[in-house]
Amino acid sequence: MRLKTLCVFCASASGARVEYKQDAEALGIELARRGIGLVYGGASVGLMGVVATATLQNGGRCIGVIPHVLVDKEVSHLGLTELHVVDTMHTRKALMGEKSDAFLILPGGYGTMEELFEVLTWQTLRLHAKPTILLNTAGFYDRLLQFLDHCVEEGVLKPAARSNLMVATTVEDALAQIEAALAAA
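Quantities reported herein were computed from a predicted structural model and do not represent experimental measurements.

J.: Give a detailed account of the sheet that holds strand β3 (residues 62-67), specifying residues and quantitative values.
T.: Here we have seven strands laid out as an open sheet, ordered β4-β3-β2-β1-β5-β6-β7, and parallel in their pairing. The open sheet has two free edges, formed respectively by β4 (82-86) and β7 (165-168), since each of these has just one partner strand. The mean inter-strand angle of the sheet, taken between neighbouring strand axes irrespective of direction, is 25 degrees. Pairing between strand β2 (residues 37-40) and β3: three bridges, direction parallel. Across the sheet, the residue bridging to Y40 is G64, located in β3. Of the strands in this sheet, β1 (5-9), β2, β3, β4 and β5 (102-105) are in contact with helix α4 (residues 89-98), which crosses β3 at around 160 degrees.

What follows is the structure, given as structure tokens:
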């Protein structure tokens with residue numbers, strides 16, 4: 001299967017390191033170059049805005065999904081290929097998942113973590129078999145990965161479930177891993 005659309009979860013803030021913004025921009029450029037559509041949270045701010053703007057500026061497709069409650073708070077991105085305004089965060093995630101072939105997670109806070117763990121839970125329950133990968137920019141996710149390994153060691157997370165989460169340190173590696181996983185499926 002070819003990667004046609006990629007769901008990206010990331011912060012509505014820019015973060016403390018310039019590398020976060022650089023990777024978000026590089027991802028948008030690469031998605032547009034490869035003809036892969038971006039599915040994301042619909043905002044024009046933070047890393048979400050960076051990846052969407054870079055995708056659009058380079059001729060790519062962007063599908064935004066944002067709940068009513070965040071339209072003003074996160075400032076909906078104007079000029080998207082599609083913008084879906086939904087009622088709830090749950091509906092947002094479900095629609096993003098439905099419209100995507102895989103999930104890529106950039107740096108983010110509570111919302112990003114909640115989205116990451118929901119899609120991993122769905123995968124563990126076999127509600128989907130879509131690749132899920134962290135882009136570990138500048139070691140952002142090192143401690144989270146250590147914690148997940150600790151969960152395995154403590155017997156509360158099965159090794160097979162832990163292995164569902166792939167990790168990359170570059171945009172190119174992340175996309176290569178996703179494409180390899182889709183080809184193997």
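J.: Kindly report on the pattern of salt bridges, identifying the contributing residues and their values.
T.: Counted under the stated rule, the structure contains seven salt bridges. One salt bridge connects E179 with R34, and the closest N-O pair in it is separated by 3.2 Å. Taken together, the residues span a long stretch of sequence, with E179 in helix α8 (residues 171-184) and R34 in helix α1 (residues 18-34) at a distance of 145 residues. A residue is classified by how much of its surface remains accessible, and E179, at 30% relative accessible area, is partly exposed. Of the charged contacts, one joins E82 and K99 as a salt bridge, the two residues approaching to 3.9 Å between their closest N and O atoms. Taken together, the positions of E82 in strand β4 and K99 in the loop between α4 and β5 put the pair 17 residues apart, joining distant regions of the chain. Exposure remark for E82: the relative accessible area of 31% places this residue in the partly exposed category. Residue classification places K99 among the partly exposed residues on the basis of a relative accessible area of 26%. The structure contains a network of salt bridges with shared partners spanning E30, R33, R34 and E179.

Calculation notes
- Residues numbered from 1 in each chain as written.
- Predicted model: local features only at pLDDT ≥ 70, side-chain atom pairs only at ≥ 80, totals over all residues.
- Heavy atoms only, no water.
- Pairing = 2+ DSSP bridges.
- Helix = DSSP H or I, 4+ residues; strand = E, 2+ residues; numbered from the N terminus.
- Axes fitted to C-alpha atoms, helices over the stretch in contact; angles between N-to-C directions.
- Contact = heavy atoms within 4.5 Å.
- Salt bridge = Lys/Arg side-chain N within 4 Å of Asp/Glu carboxyl O.
- Buried < 20%, exposed > 50% of the residue type's maximum accessible area, 1.4 Å probe, protein only.

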